[in-house]
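Descriptive analysis of the structure
Spelled out from the first residue to the last, the chains are:
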Amino acid sequence: MIYTLCFYLFATITVFSAIMVIASRNPVHSVLYLILAFFNSAGLFVLLGAEFVAMILVIVYVGAVAVLFMFVVMMLDIDYSELRKGFQKYLPIGGLIGLVLLAELVLVGMGWGLGSPVTTDPATATPALTEMTNTEALGSLIYTKYIFLFQMAGLILLVAMIGAIVLTHRKRPGVKKQSVNKQVMRRRGDAYEIVKVKPGQGLG
Amino acid sequence: MTETILPNLAPAYGEILMAIGAMTLLMFGVFRGNKSTGFVSLVAAALMIVTLFVTVTWDATAVYTFGDMFVADRFTSFMKVLVLVASALAVIMSMQYFRDEQEERFEYPILLLLATLGMMVMVSANDLMSLYMGLELQSLSLYVLASIRRDSELATEAGLKYFVLGALSSGMLLFGSSLIYGFVGSTNFTVIGSNLVHASAHGPDIGVIIGMVFVLAGLAFKISAVPFHMWTPDVYQGAPTPVTAFFAVAPKVAALALLVRVLYVPFGELSESWTQVIVFMSLASMVLGSVAAVVQTNIKRLMAYSSIGHIGFALVGLAAGSQEGVRGLVIYMAIYLVMNVGTFACILSMRRKDGMVEDISDLSGLAQTRPGMAAALSIFMLSLAGIPPLAGFWGKWYVFKAVVATAVADPMATNYGLIILAVIGVIASVVGAYYYLNVVRVMYFNEPDGEFIPQKSFNMTAIMGLGAALMVLFLLPQINAPVLEYARMAAAALIS
């Protein structure tokens, strides 16, 4: 009972906020609705017993991706009324593509039983939730059976990092940087000098 | 709780060595800065040679490790040797170039090392997931390498174009992989293969075939077979010349090795379906590579079309669908490696006082100003064209022989396609000879204008000389017997 209630609550809010993402006029509101949609999808994952995916969704999508979106939306100066100008002009072609997609969806829905049933041979069977948690199950796979892929992914990320630095980092002349060595090596004499001033004469 | 068992690392010693070496060199380079480039390059080349010996000593029958995702057999050893030789030569050839351009960056040899590591993983992949990992490691490094001269507009364009199209092809490959996993129920090559054999009673699912075609399209991007070749000329022209020299050989060898494994191990059962695709790609590549190259004036663009054509010829061996065909393909790639590396060593020597030049007309009268280089480049051009006693001819000979043998062996004589493929292939080869011979004509019969500055690097001269000598001497059984024998063993490891 409570399960069903939770499901419908999360599902309704997810669908509603997903619609609002594309319907709201203010892009900042769109991003906020997107975050709401992510949170509710995470709730749906928890209901499915996939708590690891739920947490990852919150951490990665809400914590990183949505915040990034927020930054971009706030930094870009887009005139949305300007963007909407061509709406009339592109309506026919857009509507046509929409119709094609709709037809495809209907066809897929009608031909649900088209393919022969798949002989399920999952790469690894999921252990029951009573045995171990999701996180434990994933960890015991990633670091044993899939260690090779895990290491390769690490190398790919390393290449991405090297690439980003190679292609964007440049040495700019004239930038004042802190040099600890210079600071430590500085002697008392470099910082000031003692000038004997005779009374009444000034520093002329 | 499952107990942990250390996977068998022995088949992957070469890869592990490369990965650790690349990371160590990266740390060294980070602390020493760009002035350590020369040293880092030398160590990188040495590391590749050491890895080569580690790979060669692996001379066993197929061994699977890392949960059957990684395989090492004679086929992988042979292809890895080709990849490592090509990469090591690319590192050596680029040292002088970047020194002359004063663009030395220590990341360059390290990215080359990591790209090579990706290629080795591609060659050894026995699972759709490890295939993708290797492919991405290689591609990502190549995207960066293409635009490593970030101040050059052409190089930036080349890098961007390569990246966007490469990402598209990866997307197609992943889409195909997901279809295959959905319809077959496994990502492992061996399991897919055996599942398809069992499913063959009522014919394979259409979904598997669609998935396979998508994977084929993704891989065809990487080997730049027509109709997925559009990026090649622009990237080859825009990228710095030593990077182009690298692009032209090692990634192609690795991607072809991967293609052969994907077609024979998981999809051996569907050979009727994929033969059509391969025959079409092969035909189109040969024709386009020969015809479109005729109007080129830039030698790097010419080499791009030339490489498209050569991939077409190599695919002829695959279309034959026999052990002999795969053997022909392997021999072809070995010869292609030497021809291309030699040609690019010549192109890298095209330097005037005011910088590098890369037009074919800049070669005019080379026979009078630099007779040695002209002779070497002529040998490479004639070999690329496939003029008989030279090695390039023998490469074509073995693939065409295999495809004709398959066509003739069929008692029903239904393989008209293969006969047509062979005939058009030979015609394309003749058409292609025109532009290779044109380069020779420009060097020998045009008046010289301007002189190249002499090549300072001994390595380049050695690569040119050795390459040309190999092309001429391939006729001798002492030279060709080991290549033919190892190629036969490599093909036998894949197809029994």
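Look up: the structure comes first, before these words.
Here is what the cut-offs are and how they apply
Residues numbered from 1 in each chain as written. Chains lettered and ligands numbered in written order. Predicted model: local features only at pLDDT ≥ 70, side-chain atom pairs only at ≥ 80, totals over all residues. Heavy atoms only, no water. Helix = DSSP H or I, 4+ residues; strand = E, 2+ residues; numbered from the N terminus. Buried < 20%, exposed > 50% of the residue type's maximum accessible area, 1.4 Å probe, protein only. Contact = heavy atoms within 4.5 Å. Buried area = accessible area lost by both parts, 1.4 Å probe. Salt bridge = Lys/Arg side-chain N within 4 Å of Asp/Glu carboxyl O. Polar contact = N/O pair within 3.5 Å; in protein donor to acceptor, adjacent residues only side chain to side chain. Nonpolar A, V, L, I, M, F, W, Y, C, P; charged D, E, K, R; others polar. Axes fitted to C-alpha atoms, helices over the stretch in contact; angles between N-to-C directions. Parallel < 35°, antiparallel > 145°, perpendicular 65-115°, else oblique. Left-handed = near helix turned anticlockwise from the far one by under 90°.

All names here are of chain B. As for its position among the elements, Y64 is in strand β1 (residues 63-65). Among the residues examined, Y64 registers a relative accessible area of 37% and is labelled partly exposed. As a C-alpha pair, Y64 and A12 span 52 residues in sequence and 10.0 Å in three-dimensional space. Not counting chain neighbours up to four residues away, the residues in contact with Y64 comprise F70, V71, N126 and T190.

Take the side chain of Q96(B) next. Residues and elements named next belong to chain B. In this structure, Q96 sits in helix α3 (residues 74-101). The class for Q96 is buried, based on a relative accessible area of 13%. Beyond its immediate chain neighbours, meaning those up to four positions away, Q96 contacts Q455, K456 and S457.

We now examine the interface of chain A and chain B. The extent of an interface is frequently quoted as the accessible surface area lost upon association of the parts. The interface is formed by 28 residues belonging to chain A together with 38 residues belonging to chain B. Interface of chain A and chain B: buried area, both sides summed, is about 2,800 Å²; carbon and sulfur atoms make up 76% of it. Applying the counting criterion to the chain A and chain B interface returns 0 salt bridges. Where chain A meets chain B, there are 3 residue pairs in polar contact (both at pLDDT 80 or more). Of the residues contributing to the side of chain A that touches chain B, the split by class is 18 nonpolar, 6 polar and 4 charged.

Turning next to the packing of helix α2 (residues 37-57) of chain B against helix α4 (residues 107-124) of chain B. Residue and element names in this part refer to chain B. Running from N to C, α2 and α4 cross one another at 20°; their axes reach a closest spacing of 9 Å. As the angle between them shows, α2 and α4 are arranged roughly parallel. Judged by the twist between their axes, the crossing of α2 over α4 is right-handed. In this structure, α2 contributes V40, S41, A44, L47, M48, T51 and T55 to the contact, and α4 contributes P109, I110, L112, L113, T116 and M120. Of the residues belonging to the contact of α2 with α4, the class tally is 9 nonpolar, 4 polar and no charged.

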